[in-house]
Structure formats: structure tokens, C-alpha cells
Amino acid sequence: MNKSELIDAIAAEAKLTKADAGDALDATIAVVTQTLKKGDKIALVGFGTFQVDKRAARKGRNPQTGKPLSIPATNVPKFKPGKTLKDAVNAKRGKK
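Residues numbered from 1 in each chain as written. Predicted model: local features only at pLDDT ≥ 70, side-chain atom pairs only at ≥ 80, totals over all residues. Heavy atoms only, no water.

1. Let's talk about unusual backbone geometry
The cut-off we apply is this: By definition, any uninterrupted DSSP run of H or I lasting at least four residues is a helix, any uninterrupted run of E lasting at least two residues is a strand, and each is numbered from the N terminus.
Of note in this structure, K15 is not a glycine but carries a positive phi near 55°. Tracing the backbone shows K15 in the loop between α1 (3-14) and α2 (18-37).

Okay, here's the thing in C-alpha cells:
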């Protein structure tokens, strides 16, 4: 599913116009981005948690030359799914 398909699905599910659904999705993405950028986390009970983890600096190798190089420390966004989401994804489908 791409962004426009997601907007269509949100509009249908929430009975919104596509423009309103698009604005709501853009606002949600902006708030999640801003919150993670500050280093805070977002916990949506049943759905999951968005958070930032620190990845330590490490040594690596250039795959083309084999020369060692240093990879700097960085922050990475992570998502940990909640129990309700995991259960829904892993639910056995009914017989057809």
C-alpha cells in the first residue's frame, strides 16, 4: 500500500474527504517525526511504540576495497509492535 492508497483507506474508514484524510496523515507523520527528533517516544496502547535508539560507533569494511573504515554513532527510529497488533497479524484465517 502506498501513501495515496492509505489516504483512500483512511478516508473510507473515517468517512472523511480524501483531502481531510491526507491532511490528517501528513499531520500524524509530522508529529511523529518531531517527537522522535526530540528524543521522546510515542506509545499507542495495543498498536505499538515509536522510539529512538542509539547505534554505537563501530568499525566496518568497504566491500569493494576491503579497507577498514569507521562508522559513526547515529540515532535510529524504531517501532515495536504492541500485543494487539501482533495478535491481529498472526491470527489464523478462517476456513473459506
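2. Points about the side chain of T49
Basically, it comes down to this: Summary of the burial criterion: residues with accessible area below 20% of their type's maximum are buried, those above 50% are exposed, and those between are partly exposed, where the area comes from a 1.4 Å probe applied to protein chains only. In this description, contact between two residues means that some pair of their heavy atoms is separated by no more than 4.5 Å.
Relative to the helices and strands, T49 is located in strand β2 (residues 48-55). Overall, T49 belongs to the buried group, its relative accessible area being 19%. Apart from the residues lying within four places of it in its own chain, the contact partners of T49 are K41, I42, A43, K78, F79 and K80.

3. Quick notes on the pattern of salt bridges
Note on pairing: side chains with opposite charge can pair once their charged atoms come close. Applied cut-off: Salt bridges are defined by distance alone: a side-chain nitrogen of Lys or Arg within 4 Å of a carboxyl oxygen of Asp or Glu.
Under the criterion given, the structure shown has four salt bridges. Between K18 and D8 there is a salt bridge, with the nearest N and O atoms lying 3.5 Å from each other. Linking K18 in helix α2 with D8 in helix α1, this pair joins segments that are 10 residues apart in sequence. Looking at K18, the relative accessible area reads 54%, which means it is exposed. Its relative accessible area of 34% is what places D8 among the partly exposed residues. Of the charged contacts in the structure, one is a salt bridge between K78 and D53, with a shortest N-O distance of 3.5 Å. With K78 in strand β5 (residues 74-81) and D53 in strand β2, this pair connects stretches of sequence that are 25 residues apart.

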